[in-house]
Every structure is written in structure tokens, then in C-alpha cells.
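# A closer look at the structure
These are the residues of each chain, in order.
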Amino acid sequence: LRIESALRNALERDEFVLHYQPQVDLQTGQIVGMEALLRWQHPELGMVPPARFISLAEETGLIVPIGAWVLRTACQQARALQDAGFPGLRMGVNLSARQFAQPELVSSIAAVLAETGLDPSLLELELTESLFMHDVAQGVNLLYELKSLGVALSIDDFGTGYSSLSYLRNFPIDVLKIDRSFVNDIATDADDAAIVVSVIALAHNLELRVIAEGVESEEQLEFLRRHGCDEFQGFYFSRPVEAAQLRQMLHEGK
Ligand code: G
Ligand code: G
Ligand code: MN
Ligand code: NA
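Report on the accompanying structure. Please read these numbers as outputs of a predicted model, since none were measured by experiment. (Residues numbered from 1 in each chain as written. Chains lettered and ligands numbered in written order. Predicted model: local features only at pLDDT ≥ 70, side-chain atom pairs only at ≥ 80, totals over all residues. Heavy atoms only, no water.)

The environment of ligand 1 is made up of Leu37, Leu38, Arg39, Pro50, Ile54, Val70, Asn94 and Ser96. Leu38 has a polar backbone atom sitting 3.0 Å from a nitrogen atom of ligand 1. Arg39 is positioned with one of its side-chain polar atoms (N or O) 2.6 Å from an oxygen atom of ligand 1. Relative to its unbound accessible surface of 490 Å², ligand 1 loses 69% to contact with the protein. Those elements that provide at least two residues to the shell around ligand 1 are β2 (31–42) and α2 (50–60). When residues in the shell around ligand 1 are grouped by element, the largest group, three residues, is from β2. (Near = heavy atom within 4 Å. Polar contact = N/O pair within 3.5 Å; in protein donor to acceptor, adjacent residues only side chain to side chain. Areas by Shrake-Rupley, 256 points an atom, 1.4 Å probe, with all protein chains shown as cover. Helix = DSSP H or I, 4+ residues; strand = E, 2+ residues; numbered from the N terminus.)

Pasting the structure below:
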């Protein structure tokens, strides 16, 4: 309960911050994008991890104003990076089910794009399969409306949800993000390796980009490169970092 009332005040007290995890092109080794990840720095509770407050924010509906803040802040940051001489960097933003159910979702995203002047194609909205559990037909319509803004859509945690394959057939998506639970053992587990190779082929046959999540070792990286995966993110390259640190990495051409 204490955490719930603290969460209610967190936005106005400016306690949220975004960290950014670089996404790297497997062929060139260059940073080509980043995923925005929400952090809550409470003055007494300290750093509250997302696992402890995202579901609470969902249940209470607080995720809607928090999600709006995330979107605006991430788009401002993405625009600032373009202006600082790093063109073409994509920004991934996680959308929650509750946001997805908001009638004003599309217009609020359009407003943020207009306000920040960010090229819409640089915004990549990360969706999970759970968003579509209630009303698939309505979900598909909404995806087409989002696409009409010019943004990119990715399926996050791919492989962990339901009916992934029928979604791939019907949804106007651009990117698959392979869940880190599959990436974890690719160097040692033949089944996981086979799944990852197949998902990369599936994505490419559907003309989707594919991003591997949770890459922690050179072996995993080599495996993904050998099998033609497009991009990766993970602790091997970098943890999610503050905006200033991301800029530093970009300047160093890391
Ligand atoms: O950030 P990790 O760093 O611990 O994130 C844990 C979980 O929280 C992930 O599943 C991630 O998708 C989710 N998450 C992080 N930031 C956001 C956000 O801005 N919005 C939503 N809806 N989920 C987020
Ligand atoms: O569900 P989503 O993909 O949005 O969650 C991203 C989460 O994965 C964040 O909590 C982020 O901190 C975490 N993460 C990013 N890279 C790695 C990694 O290499 N290993 C592990 N274990 N977690 C990672
Ligand atoms: Mn994500
Ligand atoms: Na994920």
C-alpha cells in the first residue's frame, strides 16, 4: 500500500528516469538504436525495479500517465540525438496493455511526434502478445492506425506468448525481438539454438528485422552473427544506461 501511494506521487515528484539499452547492428558493430527502460528512483525506497512496480501501475491504471511520460521523454531524447549528429537512431518504447486499451492512444502518440519533431519511422513501439488477448480484431485495427502514423512496430519477448504465428500473419509488424530466454542457452542447448535459427529465418522470410535480446557472451554473439540475426542488445555490449552515458558511447563510436 505504501508503494502504491508512493507510485501515485512519483510522476509529479519527478522520480522517474529512463535508461537506454543500446541495440547494435551485428554486421557493422555500430549502435543503431536503443530501448527506453523505465526506472523509479524513490528518495527513501531507493531504486525500485520495474518488476516491483510495472504490474502495480497496470492494475491501478497509473501506467497510462506514466506511459505517456515515458513516450514523451523517449521521443525528446531520440530527437535530441538526431540534433546532436547521430541520425537514424531508432528508439524502442514499451507499450503496456492498459495504454493499448486507451481510446486516445493514437492521437497522443501523434501529438508527441508533432511536439518533438521526431521522424515517426524512428519510433519503434514494442508490443507483447498479451496486448491482443482480449480483442484480437480490435487490436489489429489499432495496429493499422498506429502504422498510419509512420511508426515501426515490434513484437517483444517473441516466443513466450500465445499464438505467435497467427499474429505474424495478420499484424502489420516490422520487427521481432527474440526473448532472452531463448538466447540464453544458444551456445550450449541444441533445442534453443534450433529455435533461434528458425525464428531468424521466419522473420527474414516475412521481411521483418530481427533483434536478439539478452546477449551476454561472445559465443552467443558469434552464433547470432553466423545465423544472420540483424541486431542484438544485452549486457555483453551494455546494460541500460543513462542518457549521458549513451551519448558518451555514441561519441566514442563504441
Ligand atoms: O528494465 P528491466 O530493466 O528490469 O525491465 C523489466 C520489465 O519492465 C521488462 O519486461 C520491460 O518490458 C518492463 N518495462 C521497462 N520499462 C517499461 C516502460 O516504460 N513501460 C512498460 N510498459 N514496461 C516497461
Ligand atoms: O521485457 P523487455 O524485453 O522489455 O525487458 C528488458 C529487460 O531485460 C530489462 O529488464 C533489461 O534490464 C533486461 N536485460 C537487458 N539485457 C540483458 C541481458 O543481457 N541479460 C539479462 N539477464 N537481462 C537483460
Ligand atoms: Mn522491451
Ligand atoms: Na523482452
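In this model, helix α5 (residues 105–116) (12 residues) spans 17 Å end to end at C-alpha, consistent with the 16 Å of a helix rising 1.5 Å per residue. Within α5 the residues assigned to the buried category are Leu105, Val106, Ile109, Val112, Leu113 and Thr116. Mapping the buried residues of α5 onto a view down its axis gives an arc of 125°, with all of them on the same face. In α5, the exposed positions that point more than 90 degrees away from the buried face belong to Ala114 and Glu115. Immediately beyond the C-terminal end of α5, within one or two residues, lies Gly117, with a positive phi of roughly 70°. (Expected span 1.5 Å × (residues − 1). Buried < 20%, exposed > 50% of the residue type's maximum accessible area, 1.4 Å probe, protein only. Arc of directions from axis to C-beta.)

A few words on the environment of Asp119. Within the secondary structure layout, Asp119 lies in the loop between α5 and β5 (123–127). In this structure, the C-alpha to C-alpha distance between Asp119 and Val151, residues 32 residues apart in sequence, is 8.5 Å. A polar atom in the side chain of Asp119 sits 2.9 Å from the side chain of Ser121.

Around the manganese ion (ligand 3), the protein contributes the donor atoms Glu35 (OE), Asn94 (OD1), Glu126 (OE) and Asp156 (OD), which lie 2.1 to 2.4 Å from the metal centre. Read from N- to C-terminus, the donor residues coordinating the manganese ion (ligand 3) fall into the pattern E-x58-N-x31-E-x29-D. Here the manganese ion (ligand 3) and the sodium ion (ligand 4) are spaced 4.5 Å apart, and both take Asp156 as a donor. Highlighted residues: Asn94 in strand β4 (residues 90–94) and Asp156 in strand β6 (residues 152–158), separated in sequence by 62 residues. According to the relative accessible area criterion, Asn94 is partly exposed, its value standing at 28%. (Donors = N, O, S within 2.8 Å, 3.2 Å for Na, K, Ca; no water.)

What follows is about the pattern of salt bridges. All chains considered together, the criterion is met by 12 salt bridges. Here Asp174 and Lys147 are joined by a salt bridge, their closest N and O atoms 2.9 Å apart. Taken as a pair, Asp174 in the loop between α7 (164–170) and β7 (175–178) and Lys147 in helix α6 (residues 136–148) lie far apart in primary sequence, 27 residues in all. Taking the relative accessible area as the measure of exposure, Lys147 reaches 25% and is therefore partly exposed. The shortest N-O distance in the salt bridge between Glu213 and Lys177 comes to 3.6 Å. (Salt bridge = Lys/Arg side-chain N within 4 Å of Asp/Glu carboxyl O.)

Further remarks concern the packing of aromatic side chains. Following the criterion strictly, the structure yields six aromatic pairs and no others. Consider the rings of Phe16 and Phe53, whose centres lie 6.0 Å apart with planes at 35°: the pair is tilted. Here Phe53 lies in helix α2 and Phe16 lies in strand β1 (residues 16–25), a separation of 37 residues in the sequence. When sorted by exposure, Phe16 lands in the same class as Phe53, which is buried. Aromatic side chains Trp40 and Phe53 sit 5.5 Å apart centroid to centroid with 80° between the ring planes, which places their arrangement in the edge-to-face category. One end of the pair, Trp40, is in strand β2; the other, Phe53, is in helix α2, and 13 residues separate them in sequence. Taking the relative accessible area as the measure of exposure, Phe53 reaches 1% and is therefore buried. Taken together, the aromatic side chains of Phe16, Trp40, Phe53 and Trp69 make up a single cluster linked through ring pairs. (Phe/Tyr/Trp six-rings, centres within 6.5 Å; stacked < 30°, edge-to-face > 60°.)

Fair warning: the whole summary comes from geometry, so function is off the table for now.
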